[in-house]
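Remarks on the overall topology
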Protein chains: 4
Amino acid sequence: MSIDVTHDLPWDKMREECGVIGIYGPGKDVARLAYFGLYALQHRGQESAGIAVGNSREIEFHKGMGLVTEAFNERKLEELKGHVAVGHVRYSTTGSSLLANAQPLIFRYSKGMMAVAHNGNLTNASEMRQNLALTGAVFQTTTDTEVIVNLLARYGQSSLEEALIKTMVDIKGSYSLIVMTENRMLALRDPHGVRPLCIGRLDDAYIIASESCALDTLGATFVRDVEPGEIVVVDGSGLTSIKALSQPRRAACIFEYIYFARPDSLIDGISVNRARRAMGRQLARECPIEADIVIGVPDSGTAAALGYAEESGVAFDQGLMKNRYVGRTFIQPTQEMRSQAVRLKLNAVAKAVEGKRVIMIDDSIVRGTTSGKIVQMLRQAGAKEVHMLVSSPPITQPCYYGIDTSVRKELVAATKTVEEVRQMIGADSLHYLSEEGLLAAMIGQNANVSRNTYCMACFNGEYPIEIPVGLDKYTMEGCGC
Amino acid sequence: MSIDVTHDLPWDKMREECGVIGIYGPGKDVARLAYFGLYALQHRGQESAGIAVGNSREIEFHKGMGLVTEAFNERKLEELKGHVAVGHVRYSTTGSSLLANAQPLIFRYSKGMMAVAHNGNLTNASEMRQNLALTGAVFQTTTDTEVIVNLLARYGQSSLEEALIKTMVDIKGSYSLIVMTENRMLALRDPHGVRPLCIGRLDDAYIIASESCALDTLGATFVRDVEPGEIVVVDGSGLTSIKALSQPRRAACIFEYIYFARPDSLIDGISVNRARRAMGRQLARECPIEADIVIGVPDSGTAAALGYAEESGVAFDQGLMKNRYVGRTFIQPTQEMRSQAVRLKLNAVAKAVEGKRVIMIDDSIVRGTTSGKIVQMLRQAGAKEVHMLVSSPPITQPCYYGIDTSVRKELVAATKTVEEVRQMIGADSLHYLSEEGLLAAMIGQNANVSRNTYCMACFNGEYPIEIPVGLDKYTMEGCGC
Amino acid sequence: MSIDVTHDLPWDKMREECGVIGIYGPGKDVARLAYFGLYALQHRGQESAGIAVGNSREIEFHKGMGLVTEAFNERKLEELKGHVAVGHVRYSTTGSSLLANAQPLIFRYSKGMMAVAHNGNLTNASEMRQNLALTGAVFQTTTDTEVIVNLLARYGQSSLEEALIKTMVDIKGSYSLIVMTENRMLALRDPHGVRPLCIGRLDDAYIIASESCALDTLGATFVRDVEPGEIVVVDGSGLTSIKALSQPRRAACIFEYIYFARPDSLIDGISVNRARRAMGRQLARECPIEADIVIGVPDSGTAAALGYAEESGVAFDQGLMKNRYVGRTFIQPTQEMRSQAVRLKLNAVAKAVEGKRVIMIDDSIVRGTTSGKIVQMLRQAGAKEVHMLVSSPPITQPCYYGIDTSVRKELVAATKTVEEVRQMIGADSLHYLSEEGLLAAMIGQNANVSRNTYCMACFNGEYPIEIPVGLDKYTMEGCGC
Amino acid sequence: MSIDVTHDLPWDKMREECGVIGIYGPGKDVARLAYFGLYALQHRGQESAGIAVGNSREIEFHKGMGLVTEAFNERKLEELKGHVAVGHVRYSTTGSSLLANAQPLIFRYSKGMMAVAHNGNLTNASEMRQNLALTGAVFQTTTDTEVIVNLLARYGQSSLEEALIKTMVDIKGSYSLIVMTENRMLALRDPHGVRPLCIGRLDDAYIIASESCALDTLGATFVRDVEPGEIVVVDGSGLTSIKALSQPRRAACIFEYIYFARPDSLIDGISVNRARRAMGRQLARECPIEADIVIGVPDSGTAAALGYAEESGVAFDQGLMKNRYVGRTFIQPTQEMRSQAVRLKLNAVAKAVEGKRVIMIDDSIVRGTTSGKIVQMLRQAGAKEVHMLVSSPPITQPCYYGIDTSVRKELVAATKTVEEVRQMIGADSLHYLSEEGLLAAMIGQNANVSRNTYCMACFNGEYPIEIPVGLDKYTMEGCGC
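All values reported here derive from a predicted model rather than from experimental measurement. (Residues numbered from 1 in each chain as written. Chains lettered and ligands numbered in written order. Predicted model: local features only at pLDDT ≥ 70, side-chain atom pairs only at ≥ 80, totals over all residues.)

**Some remarks on the overall build of chain A**
Along chain A, the regular secondary structure elements total 18 helices and 26 strands. For 481 residues, the compact-globule estimate of 2.2 N^0.38 gives 23 Å, and chain A sits close to it at 23 Å. Considered along the principal axes of its C-alpha atoms, chain A spans approximately 70 × 45 × 45 Å. In chain A, buried positions account for 62% of the 481 residues. (Helix = DSSP H or I, 4+ residues; strand = E, 2+ residues; numbered from the N terminus. Rg over C-alpha atoms; globule rule 2.2 N^0.38 Å. Buried ≥ 20, exposed ≤ 12 C-beta atoms within 10 Å, placed from the backbone.)

Printed below as a string of structure tokens:
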């Protein structure tokens, strides 16, 4: 059934995907820990939130639309008692906001109950779904996570570990997955390691989460990342690891570092904040500009702007301020305000920019709808020049692994030259970080990574995992996430 | 996920079951018609309400907890556009009030989408469910309707008509079922005809509903009842009938006439109100009592009281008044009020009963918790004598076909003699209608019916459909309804 | 601020007014008692409900829109602790449904805090309001109750008893009023006794309520009615009475007996149910009709129909059934259903009326919009003749004392002859009870009453309390009630 | 009546006060402009929001609890039609969150209707209130704004301009006030100019707002600040100014610059962001520390940290990240998490601080409850040294002019020495900006200001407006704001 979802102000960013968390902690209030973990992962999904708890006998759960603070209240949490929990936040779309699609998916099968939380996107979900339906499978959501659920049930005569391995053989694409029974927690990451997943420890409890910031929030210790192709099993006898499937190459999503992940997270050994700062420094090397100040578009452009300042010597300043109460609203601005809706979210600090030559740094440009308005705002506040720098390469290709990029024709860089985009946004100059520069910034953080470590398909169209013809967001709902 | 359900005042009645409605009406606002049809069937279920609509391409739906007026609003209804609709109201329990269990169940299978609304209870659901799970079926509810859904998907290679016949062969118990695809509507009634189901016409539209009162409310014309074992198919070429399965005997639930159905409904050719009145007349013949007035316990005892008055010549009067705003509340009465909670719902008309010998008629006694309080209230209002008559026999056995009777030991008539019950409720005398008298009242309405037409198992333990050992409400959630 | 109010199905009745209740009960959960008392008085107002509680130091309160079960929940009630409470239910209008207008009104003045609940309507409120404003009074509602509040504050140097007497001298019109301080409860009834108000006892507690049905619901004992012009004071030393003002004549609203009050209430010594039954008997004497059955329009026409049957010998039957879930809804029927919206509320019992000559009795006709549809429904169900009888005289004049009658031109009897109305509703005959007959029915209940006891201005235009020129509902919001 | 208010995570800041906005704009959607203006002023109050609109004939309004996005929806806004609007956001307290106390206050008096929105706090409200009550005034809230309302009504025989001047003579304390009639808008600022208030222009419309950021958000042009003691009148003939009262000295709240106001606002000619940066530079001069990096406690410490970096040459870095979804929640952290609740809001960037000597700058310390936890978090993340600097002097005295400082004994600096506070928070060193340094930073922004321009009573106890004995937050609800 459909449920109202209010909408954020339009903003020119890739859509966040999903976040997952699992807690195995006898003696702890695992639902509450999952709640606060989801709170830390909220940036990965604002459409819906859900928590399921296993108590040896059965699984109980609650899901709701909106932010985790909207979906849950004290009473709902108190009803969820057990020793193992799994939680999920789902990204926000306007089209098919269904509570039925909220995760974790909970189901009963021949061995009992199971809850599944998924971050990622299968590329062969339609094919798998068809196969299952032909032999009598019934689907209640439009997510590809339900395909995983049905495969696990089909392999229900095997142990759950074996059923997971068989399922991994069947499915293609990206998946960071947490599976919970009434008793135990299993976590796995696809063989390419597209989406992040890490392991933490809090006293005797184990925590598995999309990002390390969730571990920090809970006061847990970071242990390690889940390896690509690894299945981690946590139960009364501790944590065991199965190296299930391997792949010739990694394909970690580089956009996690550019924009998606929280800056205070550490993913596969690299600090997101430090990576962004390095991108800013690299940008300074590639695009030296005569200017009085360099500013970031809050919040995601700030780290790169600080890096640029550090490398170039141009002074960093706060030229744009964000309304810290920006949130959801149904209210439409008046017609005359609409062209300047960006003002609801951002405002220029006139005294900081007036009479100045300003470098403005943002992490990415998707449709290009917002940047022009920010440039105009800075000019109205008195900036003499506005140079826009972007700390990632132009996005020219859609993503099939769990990110809601627009269809190709909406991507401004797919159809316009850099000069055309510059004219559109009215900047004095416009520069993007090069693909090589982006890689260099990453390698600077960790000498073990290379071009083959990352998926950069949205920049260069080199898809590391095969894409079926005709696949797009509308053939199949991405990943349940 | 769990959702709050407020509770009615406790009342000593069998629980209502479920109500279903289907509309096939190109050019009509079928969702709105379904809404008002459910409004008329509200007495059959107050826990949740749902409507699904097919528009040739897909099925859209909305479900919500509570009364149909609580579950829907104008906007929800307006979003449901199509030419065929199916609606459901579900009975109210406190234990497992789950939105997930609300109906219609909507699912996708190999042939497209389907919505299923069910009134009844399968007696072999556990066995069927186990069989399905062993070959990979996944269940998201605890209702037996999901068993039906999975069987239909398993027979997905056949036509839907054939799949329904095969499913009817597999399942045992009671079911009045409406199945809707994106395009058409099918309705069927189990071979015993336990629960009612009838067909109506509104201009070119066909309407299938649990009770004829829904047809009247929509201004539709009553056409006929669906026959036991019949499948009715409605699509662009009109209505066709399949006589799918037959049974040696009918087993229509006689309690529909005693209490469940609305008095203005006509079920299998008999007016519910007339039947109740006839039960009252029969009671007068069986239990003549010297009294000044005869009163009914509102609302369901009124018709029998009028019948008693008619036959006996004792004057009918309104001795008890019902608060017409009685509804749902979370509020607990104060301790001192609790013993008299019946006063929140009923009040005696002192001037009508004071100094009188009163015959008070109710349709049934289940646990016997309320009758004593009403007797006491009448005495406090000045009644000189209070004789309680019941227009049905003592309930001594549980029901397995879709009614939430208490477990056997809670049924007061199962463990106490009539004299013991009389003492418990403090009446001057207590009489029940005999089984023979009940049948006589029914036969008086329609000469074609006989003892074999009805299921009267709750009175005499003669179950017309085999009951597996150990089956009770708690092994398997009754019927989704 | 405005708050959503859902709407009842349109129904052709005078609007209910308001209901008040006060509890003085140290040691009791007075808020809860007030809640259940309002529950019993719900028929007197469905727009909003409020309860204020005094605990010696201060007054706390909660008010909400809708039914008392919608406006309150367990937590809200639990927050209201004290030894004295006053509650109010307000009538439903669509125009100015304001939470700000909900009662009781709570305010602070020179002596502390006060809460006021009012049932009635002042006829000189505009004049009083103007006088107060000229000397600096500030108003936050549009109700005339705020005029009373300001007068009490102006007389704040006197004792509260004296301030009440002075205020009674100032104000004209109808008022049954409960005034509560942090400590005690005072109740008064206008000198004409237009609206009812009675006193009950529950152990050591005193209860004052609009109708005795509220006392019964709480298990309290009826003590007596508050006298017209009397002030009753309840505090730690018990109940004392002040005979404040007297008037040459009573002017009790006779419509309380015809329709407003609950049938199980006893008002000024007369049972409402018995009075209605007597009106039916009188109707039988005035309008003998050859017929097979007599039926009432549920619920309010039933008592008169029973009286008619008793007197005439024509058999009473249930020819019309009411949907017992009728309630509030925003949903509009489809266009084709609209003309028959009455079917959502009522349905004919075909087997009861087909082939019969039917007498149908209703308590009153206001606009005449509903009766025609019921007549038509009965004919469609097979009635051979339909004779409509009304157990009150034609309403030809508006009410200024607390009832929301339509403006005069909407009253069908004000502009049409009886024969014209009969044609409009399509009945075979139409008869109203005569004014003399109505009085006779009342006198039959209590030999002490006479024509001068009652206000029958809506029938005959003889207004017992002077009406300022130009006063109508839209100049001044009626009474806060 | 009480309404639920969810709570922010506890945070060691002074409570925000209130924000007001007025729009005079025939032909514009003034309610919508007010809505977005309040959205920009949301940091000044999160407890409740309200908007009133005048349309020549009357004033309509809506108020609700929570953020402006929670209190309003599209439909509520659409109902508010007119040419002049006034809006208010109220600060958040837990004690007396009452919708009744929400502003604007709307009332009727002898001349018609009026709406009043107030930011500030009267110091003689209790005395004024008593005087008014003795002559019959009635109060429905506990705010001092209602005192203003009653004074205006008492002077109702004068013109509104005259009534305002007389009222200004009566009241003492701080008030930035917007008064709206059905037709026009008046704004005034107390003679000391404690709280900010400025004027903007949007085409032909005039806008009055607490801060200039609201003007920017609406795309309006900043015109000037309202002068202390000035009344501004806006109606069909434009804007006129009355210099009503003058005072020997200004007393602008310096805390607006330190913490309250949005950094992108310009108040009395000084940019808040620039002022904070200057405080940071001054701090660098007063407290030079050997360190590797300087970080700000987000968000309010960032500007000072940048200033410190600029002056000292120590590198600025992002060592702390804020969860951008931090908001309201009822959920209590687990016992073990409670001591680290700060982690829900902030997280350290380990790679930024590990092995470093860190200077951490915050704008103020109130109770000192949070700083210690942040210091500990930085140490756990690997910081070698943590030096805490505060960009304002120690707060040792309560505020009586509209800020909810704790009572004196809760202010950590009032009872502990700097060294004791340093030990409590566990920093390697702790320094506050000096009073002289603070002033120097302000003078650096604008040569016309001096020690006498500002109220710095919370630092030095020199109260520029007389404080009655015994006045505290609990004698009288501050300002309605």
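This is not the end of the story, as more comes after the structure.
**Considering the relation of the copies chain D and chain C**
You can overlay chain D on chain C at an RMSD of 0.0 Å; the transform is a turn of 179° with a shift of 0.0 Å along its axis. The superposition operator between the copies reduces to a two-fold rotation axis. Relative to the rotation axis, the closest C-alpha in chain D is found at D:Ala137, a distance of 3.2 Å. Most of the interface of chain D is mirrored in chain C, where 100% of its interface residues are also at the interface. (Least-squares fit on C-alpha atoms with pLDDT ≥ 70 in both. Contact = placed C-beta atoms within 7 Å.)

**Brief notes about the relation of the copies chain A and chain D**
Expressed as a screw operation, the relation of chain A to chain D combines 0.0 Å of axial shift with a rotation of 180°, fitting to an RMSD of 0.1 Å. Counting the interface residues of chain A, we find that 100% of their copies in chain D are interface residues as well, pointing to one common contact surface.

**Some words on the interface of chain D and chain C**
As a measure of interface size, the accessible area lost when the parts come together is often cited. Contacts between chain D and chain C engage 22 residues on the former and 22 residues on the latter. Where the side of chain D that touches chain C is concerned, the elements lending two or more residues are β4 (59-65), β6 (105-109), α4 (125-134) and α5 (145-154) of chain D. When residues of the side of chain D that touches chain C are assigned to their parent elements, the largest contribution, four residues, is made by α5(D). Among the residues making up the side of chain D that touches chain C, the classes are represented as 11 nonpolar, seven polar and four charged. (Nonpolar A, V, L, I, M, F, W, Y, C, P; charged D, E, K, R; others polar.)

**As for the nonpolar core**
Counting residues in hydrophobic clusters, the biggest one holds 180 residues, and the most contacted among them are A:Ile208 and B:Ile208. By size, the runner-up hydrophobic cluster in this structure holds 179 residues, among which are C:Leu188, C:Leu218, D:Leu186 and D:Ala220. (Core = buried A, V, L, I, M, F, W, Y, C linked by C-beta atoms within 7 Å.)

**Concerning the interface of chain A and chain D**
Counting residues at the interface gives 52 residues for chain A and 52 residues for chain D. Broken down by element, the side of chain A that touches chain D gets its largest block of residues, six residues, from helix α1 (residues 30-40) of chain A. Among the residues making up the side of chain A that touches chain D, the classes are represented as 24 nonpolar, 16 polar and 12 charged.

**Side note on unusual backbone geometry**
A:Gln103 connects to A:Pro104 through a cis peptide bond whose omega is 0°. Note that A:Pro104 resides in the loop between β5 (84-90) and β6 (105-109). Even without being glycine, A:Asp268 reaches a positive phi, approximately 45°. Positive phi values are uncommon outside glycine, yet C:Asp203 reaches one of about 55°. With respect to the helices, strands and loops of the structure, C:Asp203 is situated in the loop between β10 (198-202) and β11 (205-209). Judged by the 11 C-beta atoms lying within 10 Å of it, C:Asp203 falls in the exposed class.

**Re the sheet that holds strand β19 (residues 315-316) of chain B**
All names here are of chain B. The strand order across the open sheet formed by five strands is β19-β18-β23-β24-β25, and the pairing between neighbours is parallel. Looking at strand neighbours, the two that pair on one side only are β19 and β25 (429-432), the edges of this open sheet. With four bridges joining them, strand β18 (residues 293-296) and strand β23 (residues 357-362) adopt parallel strand pairing. When the bridges of β23 are listed, Gly296 appears paired with Ile361. Relative to the sheet, helix α16 (residues 418-425) contacts β24 (385-390) and β25, its axis offset from that of β25 by approximately 130°. (Pairing = 2+ DSSP bridges. Axes fitted to C-alpha atoms, helices over the stretch in contact; angles between N-to-C directions.)

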